[in-house]
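Survey of secondary and tertiary structure
Chain residues, written in single-letter form:
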Protein chains: 2
Amino acid sequence: MIAYEDDFVWGLEPTLERKMAESYEKIMCEKEQGVSGYFTLGEETLPLMEEARSYAASNTFIQQCDTIVIIGIGGSSLGTKAIDSMLKHRSGKIKRMLFLENPDEIDLSEKLASITKEKTLFIVVSKSGSTIETISIFKEILAYFSLDYAGADKEQIIAITDEDSVLDKFAKHYSIEVYHIPKNVGGRFSVLSAVGIVPLTLAGYNTEGILKGASAMSKRFFSGKEKHLLKKAALLTAHSKEAPINVLFSYANCLEDFTKWYVQLWGESLGKIDSDGKHTGLTPIGHIGSVDQHSFLQLIMQGPRDKTVTFIKLESFQKEMKIPDISLKFIEKTDYINGYSFNELIDGECEATKESIRKQGINVDMIVLDAITEKNIGELIMYYELLTSLCGIMMKINTYDQPGVEIGKQILQKRFK
Amino acid sequence: MIAYEDDFVWGLEPTLERKMAESYEKIMCEKEQGVSGYFTLGEETLPLMEEARSYAASNTFIQQCDTIVIIGIGGSSLGTKAIDSMLKHRSGKIKRMLFLENPDEIDLSEKLASITKEKTLFIVVSKSGSTIETISIFKEILAYFSLDYAGADKEQIIAITDEDSVLDKFAKHYSIEVYHIPKNVGGRFSVLSAVGIVPLTLAGYNTEGILKGASAMSKRFFSGKEKHLLKKAALLTAHSKEAPINVLFSYANCLEDFTKWYVQLWGESLGKIDSDGKHTGLTPIGHIGSVDQHSFLQLIMQGPRDKTVTFIKLESFQKEMKIPDISLKFIEKTDYINGYSFNELIDGECEATKESIRKQGINVDMIVLDAITEKNIGELIMYYELLTSLCGIMMKINTYDQPGVEIGKQILQKRFK
């Protein structure tokens, strides 16, 4: 279960209420017209999940391998990594997942050295099929492990890409297992498609729970519930000039990769030239509490009033570690916390930080997960995707494209050609 | 060697030139009056480094231990972690460093399970001596490993704190080894004091090189060189309303923890109520290339023009991994990069991204390290500390305090008392 609590200073003017109603109509259209296909992935990816599950059950190589290497970058890795990071501490017999994202020689060589060829499944993920970092790293994998992709080792490779992409053609030509991403699902909205669900299913995660959590959230929203999403989008976008930055402050280390996923989703979707030709956008920043209270909090408290802050906290960590009842000579003033659990401490930090920020007149809201469960993760992902779409509609931008990154790709190619 | 290249759109008005001259006088005063003590840590920490080195050489426990656990948060861990992350891939016989920062039960229990008591040195770091997260985790360590701090196991514990703090008194009372942080060196400026240098020296790093690099940078700056620092500070602060966000885009995975150190330094120092009572500040954001080109770049390119972007790149990764000359059927269009090194690819990505951003009229600058060396790391740290001080002077704020975080601490205590 997830609770959404807001404590905005801003009020809902009647014009905003109208905007909310209009935007709700528009997002219904986006769903019905398939402007993006992510809305229904919770249901539509289920058969593919079953397929991946059967494939894993019938394939002796996958049964005996202990590592899954994801070769992908951006939307092809961030969401999968986020879910793996959230779930791995509480799941039983799960394969290790390793992410080869950056063409960084130090990072690559360290990770390559930790891989045993015979025990590893390599999944190359690229929507376009020709992402330069991903294909270059894939070539390195082929060379480093002498992987015979055309013959003996093809079972160790899986491709996830758009239908008819060059990677799809490559995979089909060599009878390599391939899964497709719906054309109308962009990279940063694709974690609940084959992109995330196939690798996570093969790793042994209960992806069905994730999909069902996402599906339930989407259905509730499209049947007129979860109105808080409309309110939050309306307030954040109406005040986007005054507070262009949203800080996501997550109070659990295992959420760090989730905040990176959020940064991509938010930044790449909402940083656009709008229909009036103006540069617009909301800037996402991810932080982890309580660590970053010792880093970024001062700026929020006393710096420019250009930020909203969203907290995520867990009600239960499923461990129960109590702070030992030890009194250290001269340091007795810390004893007030003795006997409480570490969870109570971090929870208290989150609440105290929220209260102190709110007291400054800064707009805050909070997402409370009763625990890290598959269902909650699915819901949280759908929550953020819907919120992003709503903000995009209200900002009059195309939420789903990314024209600004093309120039850099062209300049890069010219340097090498 | 480090090269600093700027490509600012903004010009240096005569008023700014005067401001630079005035601020240079002021930072000289800060140094002479000891407003902060970090300026001379490059020289002043040398004797302490020698002391730690001798201690390690004469202590059989330290010689045989293979792990150093740092119990600390914020300024007590970020800098040390940044240096460890940058250097560990290229240093020889180094002890593993493990950082216990967040009172997060999942993270804590995983890390505790990876520690062998007999092989581990525990260093507790807290400037005040009573940081609640740090002391709580220290108590957990004492209980979990049945560490006899008053007797048999005291050699396995070291404290780093201010002289006469409660932790100092505790350590002295039980004859536990303790090192002091100069009173006028705040947490986020303390990595070159005992805070970073003692643990890193004990781990086996060449900390002398780091200190010498920092010292040389500081001396050059205070003898009228490295004027680019004044220029950058003048431009960033003069345009702080127009571009309140500085994005640090580092093109190497091993720099990720360095960007976190920068975020604390920049955010906590520069987010302040200024001498006119106004909320002011520059917001730091850290990103890693090329990964975050697939995440945050779109927002920089087409979003609000509220950002400056600083790139850090390495000229050499000290590996030489070439992209294999493999042509994959149907994916031949990626072959243009074959035969180049991964370093050339990531370097090309950095240059192409910088060029595409600059073409939008966005202010950019670049820091080029010829390699990851101790000397360069020391210089880079001093560069950022000096830059932060200069920005603070020009913004008319107190760079070295953090009054905004006290309220939250009080609210936290009330929740438990």
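Bear in mind the structure is a predicted one, so any value in this text is a computation, not a measurement. (Residues numbered from 1 in each chain as written. Chains lettered and ligands numbered in written order. Predicted model: local features only at pLDDT ≥ 70, side-chain atom pairs only at ≥ 80, totals over all residues. Heavy atoms only, no water.)

**Quick notes on the domain arrangement of chain A**
Interface size is commonly expressed as the accessible area that is lost once the parts come together. All names here are of chain A. Our working definition: Throughout, the edges of the domains are those of an automatic or database domain assignment. Only heavy atoms enter the contact rule, under which two residues are in contact if any of them lie within 4.5 Å. Any Lys or Arg side-chain nitrogen located within 4 Å of an Asp or Glu carboxyl oxygen qualifies as a salt bridge.
Domain boundaries assigned for chain A yield domain 1 (2–33 + 225–403) and domain 2 (38–205). Taken over C-alpha atoms, the centre of domain 1 sits 30 Å from the centre of domain 2. Across the boundary between the two partners, domain 1 contributes 29 residues, which contact 19 residues of domain 2. In this structure, the connection of domain 1 to domain 2 is made through two salt bridges. The closest approach of N and O atoms between E268 and R188, which form a salt bridge, is 3.2 Å.

**Here we look at the interface of chain B and chain A**
For clarity, the cut-off: Summed over both partners, the accessible surface that disappears when two parts come together, traced with a 1.4 Å probe, is what is meant by buried area. Secondary structure elements are defined from DSSP: runs of H or I of at least 4 residues count as helices, runs of E of at least 2 residues count as strands, and each element is numbered from the N terminus.
Contacts between the two partners involve 121 residues from chain B and, on the opposite side, 121 residues from chain A. Interface area lost by chain B to chain A is led by E105, Y336 and F416 of chain B, which between them contribute 8%. At the junction of chain B and chain A, the tally comes to four salt bridges. Between K139 of chain A and D335 of chain B there is a salt bridge, with the nearest N and O atoms lying 3.1 Å from each other. The element that contributes the greatest number of residues to the side of chain B that touches chain A is helix α14 (residues 342–359) of chain B, accounting for 13 residues.

**Re a positive patch on the surface**
Rules: Like charges within 9 Å and nonpolar side chains (Val, Leu, Ile, Met, Phe, Trp, Tyr) within 5 Å are joined into patches, using only residues over 30% in relative accessible area that form no salt bridge. For the area figures, the Shrake-Rupley method with a 1.4 Å probe applies, and any residue is considered shielded solely by the protein chains shown. Charged-residue counts in this description rest on Lys and Arg as positive and Asp and Glu as negative, His and the chain ends being excluded. By convention, the point assigned to a charge is CZ for Arg, NZ for Lys, CD for Glu and CG for Asp.
Taken together, the side chains of K26, K241, K278 and K396 of chain A present a region of like positive charge at the surface. Secondary-structure assignment places K278 of chain A in the loop between β8 (272–273) and β9 (279–280).

**Focus on the layout of surface pockets**
Applicable threshold: Of the two site types, the cavity is a set of points on a 1 Å grid over the protein atoms alone where a 1.4 Å probe fits but cannot get out, and the pocket is an open set with protein on both sides within 12 Å along at least five of seven lines, each lined by residues with an atom within 4 Å of a point. Grid points are joined across faces, edges and corners, and a volume is the space filled by probe spheres set on the points. Asp, Glu, Lys and Arg are counted as charged, while Ala, Val, Leu, Ile, Met, Phe, Trp, Tyr, Cys and Pro are counted as nonpolar; the rest, among them Gly, fall into the polar class.
A volume near 1,200 Å³ is recorded for the second largest pocket. Elements with a contribution of two residues or more to the lining of the second largest pocket: α1 (14–33), α11 (228–238), β9 and α15 (374–394) of chain A together with α1 (14–32), α11 (228–238), β9 (279–280) and α15 (374–394) of chain B. Considered class by class, the residues forming the lining of the second largest pocket number 12 nonpolar, 12 polar and 20 charged.

**Digging into the sheet that holds strand β5 (residues 157–162) of chain A**
Residue and element names in this part refer to chain A. Note the following rule: A pair of strands is labelled paired if DSSP reports no fewer than 2 bridges between them. To get an axis, fit a line to the C-alpha atoms, keeping to the stretch in contact for a helix; angles then go from 0 to 180 degrees between the N-to-C directions.
The five strands lie next to each other as β3-β2-β4-β5-β6, forming an open sheet whose pairing is parallel. Both outer strands of the open sheet, β3 (96–100) and β6 (177–181), are each paired with one neighbouring strand and no more. Strand-to-strand, the axes of this sheet are offset by a mean angle of 20°, without reference to chain direction. Taken together, the five bridges between strand β2 (residues 67–71) and strand β4 (residues 120–125) define a ladder with parallel strand orientation. What sits directly across from T67, in β4, is T120. Of the strands in this sheet, β2, β3, β4, β5 and β6 touch helix α9 (residues 194–203), which is tilted by about 160° from β5.

**Topic: the nonpolar core**
Cut-off, in case you're wondering: To define a nonpolar core, start from buried Ala, Val, Leu, Ile, Met, Phe, Trp, Tyr and Cys residues and group those joined through side-chain atoms within 4.5 Å. Exposure categories follow from relative accessible area, calculated using a 1.4 Å probe and restricted to protein chains: below 20% of the type maximum is buried, above 50% is exposed, and the middle band is partly exposed.
Of all hydrophobic cores here, the largest spans 228 residues; its most connected members are L202, F258 and Y384 of chain A together with L202, F258 and Y384 of chain B. Once you skip the residues sitting within four places of it in the chain, F258 of chain A turns out to touch A82, M86, L248, I312, L380, I381 and Y384 of chain A.

**Some thoughts on the pattern of salt bridges**
Oppositely charged side chains can form a pair if their charged atoms are brought close together. Applying the stated criterion across every chain yields a total of 46 salt bridges over all chains. Where D168 of chain A meets K172 of chain A, a salt bridge forms, and the shortest distance between an N and an O atom there is 2.9 Å. Note that D168 of chain A and K172 of chain A are positioned in helix α8 (residues 166–173) at a spacing of four residues, about one turn of the helix. On the basis of relative accessible area, D168 of chain A is assigned to the buried category, the value being 1%. The salt bridge partner of R53 of chain B is E208 of chain B, with a shortest N-O separation of 3.1 Å. With a gap of 155 residues between them, R53 of chain B in helix α3 (residues 46–58) and E208 of chain B in helix α10 (residues 207–222) connect regions that are remote in the sequence. It is possible to trace a salt-bridge network through shared partners that takes in R53, E208 and K212 of chain A.

**Comments concerning the packing of helix α3 (residues 46–58) of chain A against α9 of chain A**
The geometry of a pair of packed helices is captured by two quantities: the angle between their axes and the separation between those axes. Residues and elements named next belong to chain A. Stated formally: Reported orientations rely on four angle classes, namely roughly parallel under 35 degrees, roughly antiparallel over 145, roughly perpendicular from 65 to 115, and oblique for the rest. By convention the crossing between two helices is left-handed if the near helix lies anticlockwise of the far one by an angle smaller than a right angle, and right-handed if it lies clockwise.
In the contact formed by α3 and α9, the axes pass within 9 Å of each other and the chain directions differ by 30°. In this view, α3 runs roughly parallel relative to α9, as classed from their interaxial angle. Classified by chirality, the crossing of α9 by α3 is right-handed. On the side of α3, the interface is formed by L48, M49, A52, R53, Y55 and A56, while α9 contributes A194, I197, V198, T201 and L202. Looking at the contact of α3 with α9 residue by residue, the class counts come to nine nonpolar, one polar and one charged.

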